[in-house]
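# Examining the three-dimensional arrangement
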Protein chains: 2
Amino acid sequence: MERNRPAAPTPLADVTLIGRHTQQRAVVVKAFIRAEGFVGAQALHNRLAADGSPVGLSTVYRTLTALADAGRADMVRDTSGERLFRYRPGPDHRHYLLCTECGLSRPVDSGPVEDWADTIARTSGFANVRHTVELSEVCPDCGRQRATAEHR
Amino acid sequence: MERNRPAAPTPLADVTLIGRHTQQRAVVVKAFIRAEGFVGAQALHNRLAADGSPVGLSTVYRTLTALADAGRADMVRDTSGERLFRYRPGPDHRHYLLCTECGLSRPVDSGPVEDWADTIARTSGFANVRHTVELSEVCPDCGRQRATAEHR
DNA sequence: CGCTAGATGGGAATGATTTTCAGATCAATG
DNA sequence: CATTGATCTGAAAATCATTCCCATCTAGCG
Ligand SMILES: [Zn+2]
Ligand SMILES: [Zn+2]
Ligand SMILES: [Zn+2]
Ligand SMILES: [Zn+2]
């Protein structure tokens with residue numbers, strides 16, 4: 001739409017971490033950060049279209065996987081196997097509680113698991129151990145609603 | 001083929017746990033148990049075809065997911081998102097180290113994670129917390145081979 | 001032996017993700 | 001500015017695991 005002024009005070013330093021700075025990437029990253037939670041590539045793509053910033057689905061995929069590769073996003077899979085991404089502001093690797101109903105996510109203290117994983121890695125004889133930990137459930141809100149709706 | 005004697009000393013009691021006993025299910029379950037490790041539905045299907053016991057792919061999928069639902073199998077997703085199943089003889093829920101090269105799997109002591117998950121479940125206010133923990137890496141054998149093959 | 005709810009298979013349908021590739025854009029350079 | 005090689009973009013086609021459909025079988029039960 002309009003040209004950026006040179007040396008803009010961009011709050012999107014992240015865009016520069018994943019190759020060339022383009023308008024599309026800026027848009028995707030901005031929307032991704034604004035999302036504040038796990039989003040699927042498709043969902044983000046729809047959201048962008050709705051906001052009047054049409055960006056190719058391929059570009060959304062490319063940007064999200066690039067962010068994940070660069071360590072700026074966490075990636076999980078929902079129960080159907082779809083990938084969900086979440087922006088990671090800091091350098092710390094985290095794990096989250098993820099509501100299977102509404103998608104609300106909350107980081108949890110995962111120190112113990114990290115220690116455990118480290119121990120396994122050290123004692124197993126296996127190299128390059130990586131771990132995936134997902135906690136899924138129904139959040140308080142959804143739980144309440146559900147209790148009201150069903151009688152079981 | 002041939003009729004079973006009544007009250008056969010079947011090592012396949014599991015077949016009866018998931019609905020009607022059919023020849024196909026018996027074949028699938030038997031092969032699944034014999035596999036001793038994580039297998040994908042397609043891989044199992046191929047193996048069966050190779051062994052001259054053609055069973056529909058749909059049936060393999062149905063049987064494996066039924067076993068998983070009945071708690072007789074563990075399910076994980078490999079890095080590409082494909083589902084892998086592993087037969088679970090006992091009632092205990094386990095977690096495994098899974099080699100990303102050759103598929104070798106080894107159960108690990110997951111007590112600490114279970115405790116941690118329980119704590120989260122109790123203190124989070126979330127209901128029905130379930131967890132997924134996967135450890136993936138390269139096993140000693142594959143690691144050695146890799147070191148020999150590449151210089152990095 | 002007959003009946004019927006449940007099971008089978010295989011080909012088509014799904015749906016997320018990836019690839020392709022012909023332009024559009026960019027950053028740098030002269 | 002104009003040029004240019006490197007990168008990026010996106011529409012459409014390709015992949016590929018998994019599911020769906022449904023005509024056809026069969027286990028289980030009188
Ligand atoms: Zn919720
Ligand atoms: Zn961790
Ligand atoms: Zn291995
Ligand atoms: Zn566990």
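To be clear, the structure that these remarks concern was listed above.
What this report covers is the structure whose coordinates are included nearby. Computed from a predicted structure; not experimentally measured. (Residues numbered from 1 in each chain as written. Chains lettered and ligands numbered in written order. Predicted model: local features only at pLDDT ≥ 70, side-chain atom pairs only at ≥ 80, totals over all residues. Heavy atoms only, no water.)

This part takes up helix H4 (residues 57-69) of chain B. Residues and elements named next belong to chain B. Taking 1.5 Å of rise per residue, 13 residues should cover 18 Å, and H4 covers 18 Å from first to last C-alpha, within 8% of that figure. Listed as buried for H4 are Thr-59, Val-60, Thr-63, Leu-64 and Leu-67. Summarising the axial view, the buried residues of H4 lie within an arc of 125°, below the 170-degree limit, and thus occupy one face. Exposed side of H4, more than 90 degrees from the buried face: Arg-62 and Asp-69 are the residues found there. A positive phi of about 80° marks Gly-71, the residue just after H4. (Helix = DSSP H or I, 4+ residues; strand = E, 2+ residues; numbered from the N terminus. Expected span 1.5 Å × (residues − 1). Buried < 20%, exposed > 50% of the residue type's maximum accessible area, 1.4 Å probe, protein only. Arc of directions from axis to C-beta.)

Moving on to the coordination of the zinc ion (ligand 3). Residues and elements named next belong to chain B. Taken together, Cys-99 (SG), Cys-102 (SG), Cys-139 (SG) and Cys-142 (SG) make up the protein donors of the zinc ion (ligand 3), found 2.3 to 2.4 Å from the metal. In this structure, the zinc ion (ligand 3) is surrounded by four donor atoms whose angles at the metal cover 104 to 115°, and the resulting shape is tetrahedral. All donors to the zinc ion (ligand 3) come from one chain, and their sequence spacing reads C-x2-C-x36-C-x2-C. Here the residue Cys-102 occupies a position in the loop between strand S4 (95-99) and strand S5 (105-108), and Cys-139 occupies one in the loop between strand S6 (127-138) and helix H6 (140-149), the gap between them amounting to 37 residues. (Donors = N, O, S within 2.8 Å, 3.2 Å for Na, K, Ca; no water. Tetrahedral: all angles 85-135°; square planar, octahedral: opposite > 155°, others 65-115°.)

With respect to spatial proximity, 16 residues lie near DNA strand C, and among them Tyr-61 and Arg-83 of chain A together with Thr-22, Gln-24 and Thr-59 of chain B are the closest. At the protein interface, 65% of the atoms of DNA strand C within 4 Å belong to sugar or phosphate. Gln-42 of chain A places a side-chain nitrogen or oxygen 2.9 Å from a sugar or linking oxygen of DNA strand C. Thr-59 of chain B has a polar side-chain atom sitting 2.5 Å from a phosphate oxygen of DNA strand C. Counting only elements with at least two residues in the surface near DNA strand C, the list comes to helix H4 (57-69) of chain A together with helix H2 (23-35) and H4 of chain B. Counting residues per element, the surface near DNA strand C draws most heavily on H4 of chain B, which supplies three residues. For the surface near DNA strand C, the per-class residue count stands at two nonpolar, eight polar and six charged. (Near = heavy atom within 4 Å. Polar contact = N/O pair within 3.5 Å; in protein donor to acceptor, adjacent residues only side chain to side chain. Nonpolar A, V, L, I, M, F, W, Y, C, P; charged D, E, K, R; others polar.)

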